[in-house]
Amino acid sequence: MLDHIHIKNFAFMEEVDLDFCPTFNILTGETGAGKSLLIGSIQYALGGKIFSGMQSDGQEDISVELTFHVENPKVLEELKGLDLDVEEGELILARRKRKNRSICKINGESVPVSLLDRVGELLLEITGQHANQYLLKKEYHLEALDGYIGEEAEQTLEEIRHWYQIRQDILKWQEAQDMSPEERQRELSFLQYEEEEIVQGAVREGEEEELADEVKKSMAASEILQGLSEVQEVIFGGGGQGVAEQMESALTSLSYLQKYGKDCEELVGQLTEIDDLLRDFERDLHETVQEISVDPEELRQKEERLELVRKLSVRYGDTFEKMQEYLGQTREKIAFYEEYEEKAKEKEEEKTEAEEHLRRSSKHLSELRKKAAKKLEKEIMKALAELNFEHGEFEIQIDPKEHFGANGMDDVEFRISTNPGLKPGPLRKVASGGELSRIMLAIKTVFAKMQKTETLIFDEIDTGISGRTAQKVSEKMAILGKKHQVICITHLAQIAAMADEHFRIEKEVGEAQSVTKIQSLSWEESVEELARMLGGVKITETVLEHAGEMKELASQLKNG
């Protein structure tokens, strides 16, 4: 249950500390005082978003801290499954926002905001002002009935959803392969043609670059040969005009002079080295000239091969790796089409099996629902009678659907008659706002005894009720508070009188800004608040007496 809440700088609440009792807590106050902001702060601490009006202008740092004491063994087990260490049942959830940064913690350890949300689902349930509208949706009716059945329905639903998903996947596969045998054969022939073209092409890794370079060189071969011939002529030309022959002549002359001193000897050595290099160059130049080919037929073949490689690259991938990947995918498709008939037969058998499981599980779930619906109808009717709904009739209608669904083959709808003799009709067409409030409370009361959530929060769900009905609602909520911790925001004095802990929310309007404050009320202060709710602006002695009597009678009723 929620033991304590600390709020700082949340909307108009500068700093609020509240200690809730473990039973029936009531919060009252004038319209606009900030009652819904308190619910907003709890939702924020549990991972919700901050909406307009929840953060004061210029306020950058807000924080909300919730302290829970958990006793339910199932909840403790689930918390343990989330790797949360709950020492002595205490769990502290905190969320702080500074500028654009949000910090979330559980028992002092930083956690993602999604974990706050998950933990919040285990610890409390908030029924807001619009919950009655949710009651009008048939999806809720099915969900509520299955929740009433419990674990057996949950397990059966898991089976149904498992086989339903398998069936849906098979249907998608069959739809994707929706083509005639002729179309499949044409597709297979085309794929086989592509495979053969790639295989016969036998493109090597890097072949396109190699061929392009070779073709470029071959096309430039004549120009290269002409240039090399000119170099040969200059260096090795005949008639004594070549550099090589002149070098020989110079070396002979210099060798004759070396007898005159070491200087000439060193020059001979240097010139000899140059002559050796020149001879090496002559050999390399000759080999290069020999290697260069200008064979027209060879060039034509290279150009044709390069064109083929480039064509295959455009069709099947501009790199060797992509072309091989395309080939692999093509072979997979070929294998698929070659084995299609066998695969299609296998899929059809799997679909038949899935539908058989769906049919069996859906039938079992329908039987569970029909049996539980009779029992739930009686319990809700009893709860409605206790809420001054004595002459109406409530029923749960279950009709078969035409097709399988993820929730079985049942269409579930809550129906009600508000007057004797009238046939029950859909809630959305028959029930008024006040009747919806009572139906919602009746359902919550019935489900509370099997609900693992310890804290129930009701945010002004008493819309459209008054008088004796309001008194009945207050009594029912007080009973609910004996089994669960209930925190209720209300405008009705009849409900507020039943409080075990009564808080008043007030807004003080200052020159700079307004401030919302929340105060725990003593018995006398609670009577005064009830008088305000009953009498409005002017509170007379008579109204105070009536409020005191209401508080006293509520106390007697709770303790009687």
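Residues numbered from 1 in each chain as written. Predicted model: local features only at pLDDT ≥ 70, side-chain atom pairs only at ≥ 80, totals over all residues. Heavy atoms only, no water.

### Section: the overall build of the chain
No. 1: Within the chain, the regular secondary structure consists of 20 helices and 15 strands.
No. 2: Its C-alpha atoms give the chain a radius of gyration of 45 Å, clearly above 24 Å, the size a compact globule of 560 residues would have.
No. 3: Overall, the C-alpha framework of the chain stretches about 145 × 75 × 40 Å when taken along its three principal axes.
No. 4: When the 560 residues of the chain are sorted by exposure, 43% land in the buried category.
No. 5: Partitioning the contacts of the chain with sequence separation of at least 6, the portion at a separation of at least 24 is 70%.
No. 6: Surface summary for the chain: the accessible area is close to 31,600 Å², and the carbon and sulfur share equals 49%.
No. 7: The averaged location of the 115 negative side-chain charges in the chain is 10 Å from the averaged location of its 71 positive side-chain charges. (Helix = DSSP H or I, 4+ residues; strand = E, 2+ residues; numbered from the N terminus. Rg over C-alpha atoms; globule rule 2.2 N^0.38 Å. Buried < 20%, exposed > 50% of the residue type's maximum accessible area, 1.4 Å probe, protein only. Contact = heavy atoms within 4.5 Å. Areas by Shrake-Rupley, 256 points an atom, 1.4 Å probe, with all protein chains shown as cover. Lys, Arg positive; Asp, Glu negative; His and termini not counted. Charge placed at Lys NZ, Arg CZ, Asp CG, Glu CD.)

### A few points about the sheet that holds strand 4 (residues 61-69)
No. 1: Spatial ordering of the open sheet is given by 2-1-4-5-6-7, a layout of six strands whose pairing is antiparallel. Edge positions in the open sheet fall to strand 2 (13-19) and strand 7 (109-110), since each of these has one partner strand only.
No. 2: Both strand 4 and strand 5 (residues 90-98) contribute to a ladder of nine bridges, which runs antiparallel. Counterpart to His69 in the pairing with strand 5 is Glu90.
No. 3: Each of strand 1 (2-10), strand 2, strand 4, strand 5 and strand 6 (101-106) is contacted by helix 1 (residues 35-45), which is oriented at about 100° to strand 1, the strand it contacts most. (Pairing = 2+ DSSP bridges. Axes fitted to C-alpha atoms, helices over the stretch in contact; angles between N-to-C directions.)

### Focus: the pattern of salt bridges
No. 1: Counted by the stated rule, this structure contains 34 salt bridges.
No. 2: The residue Asp318 makes a salt bridge to Lys322 at a minimum N-O spacing of 3.3 Å.
No. 3: Relative accessible area serves as the criterion here: at 54%, Asp318 is assigned to the exposed category.
No. 4: Given the relative accessible area of 44%, Lys322 is considered partly exposed.
No. 5: A salt bridge links Arg360 to Glu356; its shortest N-O distance comes to 3.7 Å. Of this pair, Arg360 and Glu356 both sit in helix 14 (residues 340-385), four residues apart, which is roughly one turn of the helix.
No. 6: Looking at Glu356, the relative accessible area reads 37%, which means it is partly exposed. (Salt bridge = Lys/Arg side-chain N within 4 Å of Asp/Glu carboxyl O.)

### Some details on the side chain of Asn25
No. 1: Within the secondary structure layout, Asn25 lies in strand 3 (residues 24-29).
No. 2: Excluding residues that lie within four positions of it along the chain, Asn25 makes contacts with Phe20, Gln485, Val486, Ile487, Cys488, Glu501 and Phe503.

### A look at the packing of helix 14 against helix 16 (residues 433-448)
No. 1: Interaxial distance between helix 14 and helix 16 falls to 9 Å at its minimum, and their mutual angle equals 120°. Classified by the angle their axes make, helix 14 and helix 16 are oblique. Handedness of the crossing formed by helix 14 with helix 16: right-handed. Contacts between helix 14 and helix 16 involve Leu376, Glu379, Ile380, Ala383 and Leu384 from the former and Arg438, Ile439, Ala442, Ile443, Val446 and Phe447 from the latter. (Parallel < 35°, antiparallel > 145°, perpendicular 65-115°, else oblique. Left-handed = near helix turned anticlockwise from the far one by under 90°.)

### Looking at helix 12 (residues 296-316)
No. 1: Across its 21 residues, helix 12 extends 30 Å between first and last C-alpha, which sits within 8% of the 30 Å expected from 1.5 Å per residue.
No. 2: Residue Gly317 follows helix 12 closely and has a positive phi angle near 135°. (Expected span 1.5 Å × (residues − 1).)

### Comments concerning the environment of Glu71
No. 1: When you line up the elements, Glu71 lands in the loop between strand 4 and helix 2 (73-81).
No. 2: A relative accessible area of 52% places Glu71 in the exposed class.
No. 3: Each residue touching Glu71, except ones within four places of it in the same chain, is listed here: Leu76 and Glu454.

### Here's the deal with the pairing of strand 5
No. 1: Along strand 5, the buried face is formed by Leu91, Leu93, Arg95 and Lys97; none of Glu90, Ile92, Ala94, Arg96 and Arg98, which line the opposite face, is buried.
No. 2: Judged from the six bridges that link them, strand 5 and strand 6 form a sheet pairing that is antiparallel. Considered in strand 6, the bridge of Arg98 is made with Arg101.
No. 3: What sits between the antiparallel neighbours strand 5 and strand 6 is a turn of two residues, in which Lys99 has the positive phi angle 55°.

### Considering a negative patch on the surface
No. 1: Taken together, the side chains of Glu151, Glu152, Glu154, Glu158 and Glu159 make up a negatively charged region of the molecular surface.
No. 2: Relative to the assigned elements, Glu152 resides in helix 6 (residues 151-176).
No. 3: We classify Glu152 as partly exposed; its relative accessible area is 40%. (Patch = residues over 30% accessible without salt bridge, like charges linked within 9 Å, V, L, I, M, F, W, Y side chains within 5 Å.)

### Concerning the environment of Arg438
No. 1: Tracing the sequence through the fold places Arg438 in helix 16.
No. 2: For Arg438, a relative accessible area of 10% puts it in the buried group.
No. 3: Sequence-wise, Arg438 and Ala383 are 55 residues apart; in three dimensions their C-alpha atoms are separated by 9.0 Å.
No. 4: What Arg438 contacts, discounting residues up to four positions off in sequence, is Leu384, Leu387, Asn388, Phe389, Thr469 and Val473.

### What about helix 17 (residues 467-483)?
No. 1: Between its terminal C-alpha atoms helix 17 stretches 26 Å, which fits the 24 Å expected from 17 residues at 1.5 Å a residue.
No. 2: Those residues of helix 17 lying buried are Thr469, Ala470, Val473, Ser474, Lys476, Met477, Ala478, Leu480 and Gly481.

### Here's the deal with unusual backbone geometry
No. 1: A positive phi is found at Ala11, a non-glycine position, where the angle reads about 55°.
No. 2: The topology assignment puts Ala11 in the loop between strand 1 and strand 2.
No. 3: Residue Ala11 is classed as buried on the basis of its relative accessible area of 6%.
No. 4: Positive phi outside glycine occurs at Asp83, with the angle close to 65°.
No. 5: Here Asp83 is to be found in the loop between helix 2 and strand 5.

### A closer look at the sheet that holds strand 13 (residues 485-489)
No. 1: With mixed pairing, the six strands of this open sheet are ordered in space as 8-12-13-3-14-15. Sheet topology places strand 8 (124-127) and strand 15 (514-520) at the edges, where each strand pairs with a single neighbour. Along the sheet, successive strands turn relative to each other by an average axial angle of 15°, direction set aside.
No. 2: Bridge count between strand 14 (residues 501-509) and strand 15: seven bridges; the pairing is antiparallel. The partner of Arg504 across the bridge, within strand 15, is Gln519.

### Side note on the nonpolar core
Note that soluble globular proteins tend to have their nonpolar side chains buried in a common cluster.
No. 1: Judged by nonpolar contacts, the single largest core of 59 residues is most densely connected at Phe24, Ile396, Phe458 and Met477.
No. 2: At nine residues, helix 16 tops the list of elements feeding residues into this core.
No. 3: Filtering out sequence-adjacent residues up to four positions away, Phe24 remains in contact with Met477, Ala478, Gly481, Val486, Cys488, Ile495, Met498, Ala499, Asp500 and Glu501.
No. 4: Within the second largest apolar cluster, 44 residues are counted, among which are Val64, Leu79, Leu122 and Phe503. (Core = buried A, V, L, I, M, F, W, Y, C linked by side-chain atoms within 4.5 Å.)

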